[in-house]
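Below are the chains, spelled out letter by letter.
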Amino acid sequence: MPVVEPFKGILFKEKKIDSYICPPYDVIDKDYKKQLLSKNDFNIVRIVLPEGENDKKYENAKDILDSWFLQEKLIFDVDCSFYAYSCTYDLNNTKKILYGFLGALKLEELGGSIKPHEKTLKGPKIDRFKLITSTNAMFCPIMMIYDDEDLSNFVKGCKKENLFEVNFEDKIHNVYKINDIEIVNHIKESIKNQTLVIADGHHRYETCLSIRNYYNKAGQKKAGSEYALVFFVDKNDGLALMPIHRLIKKINIDDFRQKIYNYFEISDDFDYDIVMYDGKFTYLKYIDKNSKDLIDKLDVKLFENIVFKKMLNLSDEDIANNEISGYAHSKEEVIKSVDRKEAVVGFLLKPVTYESLFEITKNNLTFPQKSTYFYPKIPSGLVGYHFSSIEGCQHV
């Protein structure tokens, strides 16, 4: 049973914070980090992706956070609150609005009422473990999906205070404060009935579990470490579930084209499974896709089994090291990669549906790596969570 609590969020005292926030840490490359650092001396990237040699960078993050509190650049909200959040964005020339709310979710082991949809890697978890234990804070919310139209409509329609609006990365972000006790309690009770699916933030969630267990085992139990900063969104509230396309970097394209006919039929743009791009587009249908297995019948798994493993004879390790295989997040990126000779051929896949996402996670199964791309991403630094944020907010 998921338990969510309001919390005293960490907020920038300044209301105009367009230059203070940054994208999630795992989508920031070196060049973009330099741009963010040059924008503002108080950009949150200095904490979520700190500078410094080895573990010194985690100490630096703590020192910066402490300094910003002392300077009152960052302040704690005085009220125990949930924070509604909306993002107005364009997707394929269509205006869309993402809407949900931020809360402090009590950590529980995965597989019960909180479901992962992909496996994690060890490296990112070590990094986040060191950062969070050093700062005792989170500024990058984990994103979780629920399926409850009534809760969604309640959050949209309830009384709330407009805190600020941010224009960042060609999107309009709004944050609202919800602290009416009756409204807070209704949200808390409604979440208890949900099954939550992690969209973005698997590494962060597992890291938070490790931190909780680490403190408990050491006899240093910290109430705040039993919670994580989470953004909750209904599956119908504007979070786009997009595919991650596939690239092949090193092959003999003539031999590859000959093998295509063993596994695919040439089709058209009205009836196809995947699209191949090697300078021109070719619409393809699998000859055999009759698997009843929940995972094996997915387009991403069919592609992996047929193209990567049967046609190219790649092992799981080969696929993971990305020397021959690769990924792209948009049709435009596939075209550029092939046209610039960074890849020999690319394949456009269809997106996973939310129905498949909930069906597979309900059965405690996970998708193949790089199956889903959720958009848009919530910026870091809009509302932060500190281990002390939960004090006085439990059971309000």
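Because the structure is a prediction, the values reported are computed rather than measured.

Colleague: Quick rundown of the packing of helix 5 (residues 149–157) against helix 6 (residues 181–191)? Include the residues and the values.
Modeller: Where helix 5 contacts helix 6, the axes come no closer than 11 Å and their chain directions differ by 160 degrees. The pairing of helix 5 with helix 6 is recorded here as roughly antiparallel in orientation. Here helix 5 runs over helix 6; the crossing is left-handed. For the pair helix 5 and helix 6, the contacting residues are Leu-151, Phe-154 and Val-155 in the first and Ile-183, His-186, Ile-187, Ser-190 and Ile-191 in the second.

Colleague: Residue-level account of the packing of aromatic side chains, with values.
Modeller: Aromatic rings considered in pairs are described by the distance between their centres and by the relative angle of their planes. Under the defined criterion, the tally for this structure stands at 20 aromatic pairs. Consider the rings of Phe-7 and Tyr-385, whose centres lie 5.8 Å apart with planes at 75 degrees: the pair is edge-to-face. Pair noted here: Phe-7 is in the loop between strand 1 (4–5) and strand 2 (10–12) and Tyr-385 is in strand 21 (residues 385–386), with a separation of 378 residues, a long-range link. Members of the aromatic cluster, connected to one another through ring pairs, are Phe-12, Tyr-20, Phe-42 and Trp-68. Seen from the ring of Tyr-327, Lys-370 lies directly overhead, with NZ or CZ sitting 5.9 Å from the centre.

Colleague: Give a detailed account of unusual backbone geometry, specifying residues and quantitative values.
Modeller: The omega torsion of the bond from Tyr-375 to Pro-376 falls at 5 degrees, within 30 degrees of zero and hence cis. Secondary-structure assignment places Pro-376 in the loop between strand 20 (373–375) and strand 21. The backbone of Glu-169 sits at a positive phi, close to 55 degrees, despite the residue not being glycine. Looking at the secondary structure, you find Glu-169 in the loop between strand 9 (161–168) and strand 10 (171–178). Classification of Glu-169 by relative accessible area gives partly exposed; the value is 36%. Look at Lys-370: it is not a glycine, yet its phi comes out positive at around 60 degrees. Within the secondary structure, Lys-370 sits in the loop between helix 12 (354–362) and strand 20.

Colleague: Any chance you could break down the environment of Tyr-277 for me, citing the residues and the numbers?
Modeller: Note that Tyr-277 resides in strand 16 (residues 274–277). Residue classification places Tyr-277 among the buried residues on the basis of a relative accessible area of 6%. The contact partners of Tyr-277, leaving out residues within four places of it in the chain, are Val-334, Ile-335, Val-338, Asp-339, Val-345 and Gly-346. Polar side-chain contacts of Tyr-277 include one of 2.8 Å to the side chain of Asp-339.

Colleague: Explain the pattern of salt bridges to me, using residue names and the numbers behind them.
Modeller: One pass over the full model with this rule turns up 24 salt bridges. As a salt-bridge pair, Arg-257 and Asp-278 come within 2.9 Å of each other at their nearest N and O atoms. Of this pair, Arg-257 sits in helix 8 (residues 253–263) while Asp-278 sits in the loop between strand 16 and strand 17 (281–286), placing them 21 residues apart in sequence. Salt-bridge contacts for Lys-309 lead to Asp-316; the nearest nitrogen and oxygen are separated by 2.8 Å. The exposure class assigned to Lys-309 is partly exposed, which follows from its relative accessible area of 26%. Relative accessible area serves as the criterion here: at 52%, Asp-316 is assigned to the exposed category. Ionic contacts of the salt-bridge type, sharing partners, join the residues Lys-301, Glu-304, Lys-309 and Asp-316 into one network.

Colleague: An account of helix 12 is needed here, citing residue identities and associated values.
Modeller: Among all positions of helix 12, only Tyr-354, Leu-357, Phe-358, Ile-360 and Thr-361 are buried. Summarising the contacts, the buried residues of helix 12 are in contact with strand 6 (114–115), strand 8 (142–146), strand 11 (196–200), strand 13 (240–242) and strand 20. Phi turns positive one or two residues past the end of helix 12, at Asn-364, with a value near 55 degrees.

Colleague: Report on the packing of helix 8 against helix 9 (residues 299–311), specifying residues and quantitative values.
Modeller: Viewed as axis vectors pointing N to C, helix 8 and helix 9 meet at an angle of 135 degrees, and their least axial separation amounts to 11 Å. Of the possible angle classes, the one that applies to helix 8 and helix 9 is oblique. Relative to helix 9, helix 8 is oriented so that their crossing is right-handed. The residues of helix 9 that touch helix 8, namely those facing Phe-256, Lys-259, Ile-260 and Tyr-263, are Ile-306, Val-307, Lys-310 and Met-311. Looking at the contact of helix 8 with helix 9 residue by residue, the class counts come to six nonpolar, no polar and two charged.

Colleague: Quick rundown of the state of the cysteines? Include the residues and the values.
Modeller: Counted under the stated rule, the structure contains one disulfide. One disulfide in the model links Cys-80 with Cys-393; its S-S distance is 2.1 Å. Around the S-S axis, the bridge from Cys-80 to Cys-393 shows a dihedral of about -80 degrees and counts as left-handed. Of the two residues, Cys-80 sits in the loop between strand 3 (74–76) and strand 4 (82–91) while Cys-393 sits in the segment after strand 21, which places them 313 residues apart along the sequence. Of the two residues, Cys-80 and Cys-393, neither departs from the other in class, the shared state being buried. Free of any disulfide, Cys-208 has its nearest neighbouring cysteine sulfur in Cys-140, separated by 11 Å.

Calculation rules
Residues numbered from 1 in each chain as written. Predicted model: local features only at pLDDT ≥ 70, side-chain atom pairs only at ≥ 80, totals over all residues. Heavy atoms only, no water. Axes fitted to C-alpha atoms, helices over the stretch in contact; angles between N-to-C directions. Helix = DSSP H or I, 4+ residues; strand = E, 2+ residues; numbered from the N terminus. Parallel < 35°, antiparallel > 145°, perpendicular 65-115°, else oblique. Left-handed = near helix turned anticlockwise from the far one by under 90°. Contact = heavy atoms within 4.5 Å. Phe/Tyr/Trp six-rings, centres within 6.5 Å; stacked < 30°, edge-to-face > 60°. Lys NZ or Arg CZ within 6 Å of the ring centre and 35° of its normal. Buried < 20%, exposed > 50% of the residue type's maximum accessible area, 1.4 Å probe, protein only. Polar contact = N/O pair within 3.5 Å; in protein donor to acceptor, adjacent residues only side chain to side chain. Salt bridge = Lys/Arg side-chain N within 4 Å of Asp/Glu carboxyl O. Nonpolar A, V, L, I, M, F, W, Y, C, P; charged D, E, K, R; others polar. Disulfide = S-S within 2.5 Å.

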